[in-house]
Amino acid sequence: MTQPGAPATLGIDAVERETRLSKDVLRAWEKRYGFPLPVRDALGQRAYPLEQVERLRLMKRLLEQGLRPGRLAGLQHAQLTQLVRQAPRAAAMCADTQAQALVETLLAGVGRDPAALRDALRQQLARLGVERFVEQVAAPLTTAVGARWAEGGLDIFEEHLYTETMAGILRHARAALPEAAGAPRILLTSLPGEAHGLGLGMIEILLALDGASCIALGTGTPPASIVRAVERQGADIVALSFSAAYPKRQVGAAVLGLRRLLPDRVQLWAGGAGVAALGAIEGVRLLPTLASGRAALAAWRAGGGQPG
């Protein structure tokens, strides 16, 4: 019990509950680092001032971020608070650096040994899960391969080998997901002249994870066939993919031509690197990134499925 006029304290049992640090850890830190510094209550038991308890809470949060207790024990409350504020940003920067290093490692193997690349991609899919694999590996690696090919660093056959390898991984990942029956029904394809389908495979996985019902037609579907598929499949949205290889001057006219053929109730999305530099196109939602595709799905639902 706290003596009159003495600072408020908590016993070791209460501190263990409050901080989720075990009694053994508290005693070990006291001996090794000189913190915490408990006082003794009337019964001679350890009692911890509330200021120390709050510092211990902050230390626990930082330990979960990977920092070591020896670095933290000598810091005051304000310093620990500042570290807590910085920790998420530091963790994100570390994650970005690790992801970039992984992509560079995988890129080095493109074109050399397709079997080894396939095994490495499968390993990352198993380790990260399908959502993080798409966002952290498939998307940036595909962009890097495209850039390397454009610079002349990869032969066409090497780019094709990569495409087939990644397409197989994405098909396998998609097949493992449950089929969603909810709205919206999204028809995914590309127009004639666009044979690159990895972007379609990636966004299909993410939209399916978000509960959309996806109808994949593959690449190079003529506009008239897209219109018939919309009618017969009851699609709410048509999502087209344009890679960086598609002639940029033709994108606007191509999507406007399809827009005129589609019912007003059906939204038309155009995504991929090929639309990144385009200005607004009336009646068409441009989605240059995977994240913008997921945002468009959320907007469709928020708007009650109204044309956008």
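The protein chain has the name MerR family transcriptional regulator in an unreviewed UniProt entry, where Massilia hydrophila is given as its organism.

A. Structural view of the pairing of strand β5 (residues 213-218). Bridge count for strand β4 (residues 185-189) against β5 is five bridges, and the pairing is parallel. Bridging from a neighbouring strand, R185 pairs with S213 of β5.

B. Region of the structure containing the pattern of salt bridges. All chains considered together, the criterion is met by twelve salt bridges. Among the salt bridges present, the one from D13 reaches K23, with a minimum N-O distance of 2.5 Å. Separated by ten residues along the polypeptide, D13 in helix α1 (residues 12-19) and K23 in helix α2 (residues 23-33) bring together distant segments of the chain. Linked through salt bridges whose partners overlap, the residues forming this network are E131, E135, D210 and R294.

C. Focus on helix α8 (residues 156-175). With 20 residues, α8 should cover 28 Å at 1.5 Å per step; its first-to-last C-alpha distance of 28 Å lies within 8% of that length. Within α8, burial applies to E158, E159, Y162, T163, T165, M166, A167, I169, L170, A173 and R174. Buried residues belonging to α8 abut α6 (114-128), α7 (130-150), α9 (198-209) and β5. You can read the cap of α8 off the contacts: a side-chain oxygen lies 3.0 Å from the backbone nitrogen of F157, and it is on D155.

D. The environment of A212, seen in detail. Here A212 shows up in the loop between α9 and β5. A212 gets classed as buried once you look at its relative accessible area, which sits at 1%. With 183 residues separating them in the primary sequence, A212 and W29 have C-alpha atoms 51 Å apart. If we ignore the near neighbours within four places in the chain, the residues touching A212 are A180, G182, P184, I186, L207, L297 and R301.

E. Region of interest: the sheet that holds strand β1 (residues 9-11). The strand order across the open sheet formed by three strands is β1-β3-β2, and the pairing between neighbours is antiparallel. At either end of the open sheet lies a strand with only one pairing partner, and these are β1 and β2 (39-40). Where β2 meets strand β3 (residues 46-49), two bridges bridge the pair, whose relative direction is antiparallel. Bridge assignment links V39 to a residue of β3, and that residue is A47.

F. The packing of α6 against α8, seen in detail. Running from N to C, α6 and α8 point in directions that differ by 35°, and their axes come no closer than 10 Å. In this structure, the crossing between α6 and α8 has a hand that is right-handed. Across the interface between the two elements, P114, L117, R118, L121, R122 and L125 from α6 touch L161, Y162, T165, M166, I169, H172 and A173 from α8. Its residues placed into classes, the contact of α6 with α8 shows nine nonpolar, two polar and two charged.

G. Molecular detail of the side chain of S241. Mapped onto the secondary structure, S241 falls in strand β6 (residues 237-241). Those residues in contact with S241 that lie beyond four places of it in its chain are T189, S190, E194, G199, L200 and G271.

Criteria and thresholds
Residues numbered from 1 in each chain as written. Predicted model: local features only at pLDDT ≥ 70, side-chain atom pairs only at ≥ 80, totals over all residues. Heavy atoms only, no water. Pairing = 2+ DSSP bridges. Helix = DSSP H or I, 4+ residues; strand = E, 2+ residues; numbered from the N terminus. Salt bridge = Lys/Arg side-chain N within 4 Å of Asp/Glu carboxyl O. Expected span 1.5 Å × (residues − 1). Buried < 20%, exposed > 50% of the residue type's maximum accessible area, 1.4 Å probe, protein only. Contact = heavy atoms within 4.5 Å. Polar contact = N/O pair within 3.5 Å; in protein donor to acceptor, adjacent residues only side chain to side chain. Axes fitted to C-alpha atoms, helices over the stretch in contact; angles between N-to-C directions. Left-handed = near helix turned anticlockwise from the far one by under 90°. Nonpolar A, V, L, I, M, F, W, Y, C, P; charged D, E, K, R; others polar.

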